[in-house]
Amino acid sequence: MAEPAEQLYVFSKDAVLRSIATLEQQPIHEHFSGYLAILRALKIGRGLEPVKVTDIKEFHDRYLHVLGAPERAPYVRPFKSRGKGGLTLFNSNVSGSYSPSSIRADSPLAGVVEVHGTNRDATYSLKEGHAEAAFESLLKKRKIPAGALVAFLYRDYGFRLAEQSIQNIIYVFRDEFGLSDEAGSKTYGLLFENDSANFSLSDFEIGTDGDHNA
């Protein structure tokens, strides 16, 4: 029997907006973006290449950048550690936000990330027990709905799939961010919850050749 043909799918606007609203109800610290960026950079470099602030900026440019936003505030994120509210644009100074001087000993990220060096030469690694520390200090002990996060991150991307399902996109996310192997699966289990039941076939639309392939 022939395998089903793959089709390019994108998230529907409704699915993205619903996912953003879900994430906004979570007390996710703003620096969780940096944690995700480091996880992704470690997977890309296979743990052999040092993670630099350019890797964190590349994550912002790829997943948080808003087309048409002003240069001084080109990014958006549905993470708010204090209070709730709609999406707001934030500044372009990613390097400053993750500089060694910004990650002070009492900051939530300090228990998760080790910073080596200074200024633009600084490199980043994850501390032992980083997932537990991130769950406590960056997520306030509330797991993130995985489907909602991937629908936000991949809102501008298309996927070639034989069957459109949120679980298939979560698999892509886990692989890209190093959350599929034994250690990564443990991290994933600590930080994320399964919200697949909140998604249906109608949350996907047929994409076009102009959509980015993830």
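Everything that follows concerns the structure shown earlier in this document.
Here the structure is a predicted model, which is why all the values come from computation and not from measurement.

Enquirer: Describe in detail the side chain of His 130, supporting the description with residues and values.
Expert: Within the secondary structure layout, His 130 lies in helix α5 (residues 130–137). Reaching out from His 130, the side chain makes a polar contact with the side chain of Tyr 35 at a distance of 2.7 Å. Apart from the residues within four sequence positions on either side, His 130 is in contact with Tyr 35, Leu 39, Val 112 and Thr 187.

Enquirer: Explain the environment of Asn 198 residue by residue, including any values.
Expert: In this structure, Asn 198 sits in the loop between β9 (192–193) and β10 (204–206). Along the sequence, Asn 198 and Ile 166 sit 32 residues apart, while their C-alpha atoms lie 9.3 Å from each other. Setting aside anything within four residues of it in sequence, one finds Asn 198 in contact with Arg 18 and Asp 203.

Enquirer: Kindly report on the packing of α5 against helix α8 (residues 182–191), identifying the contributing residues and their values.
Expert: Two elements in contact, α5 and α8, have axes separated by 9 Å at closest approach and are oriented at 15 degrees. Overall, the two elements α5 and α8 adopt an arrangement that is roughly parallel. Classified by chirality, the crossing of α8 by α5 is right-handed. Across the interface between the two elements, His 130, Ala 131, Glu 132, Ala 134 and Phe 135 of α5 pack against Lys 186, Thr 187, Leu 190 and Leu 191 of α8. For the contact of α5 with α8, the class distribution of residues is five nonpolar, two polar and two charged.

What counts and what doesn't
Residues numbered from 1 in each chain as written. Predicted model: local features only at pLDDT ≥ 70, side-chain atom pairs only at ≥ 80, totals over all residues. Heavy atoms only, no water. Helix = DSSP H or I, 4+ residues; strand = E, 2+ residues; numbered from the N terminus. Polar contact = N/O pair within 3.5 Å; in protein donor to acceptor, adjacent residues only side chain to side chain. Contact = heavy atoms within 4.5 Å. Axes fitted to C-alpha atoms, helices over the stretch in contact; angles between N-to-C directions. Parallel < 35°, antiparallel > 145°, perpendicular 65-115°, else oblique. Left-handed = near helix turned anticlockwise from the far one by under 90°. Nonpolar A, V, L, I, M, F, W, Y, C, P; charged D, E, K, R; others polar.

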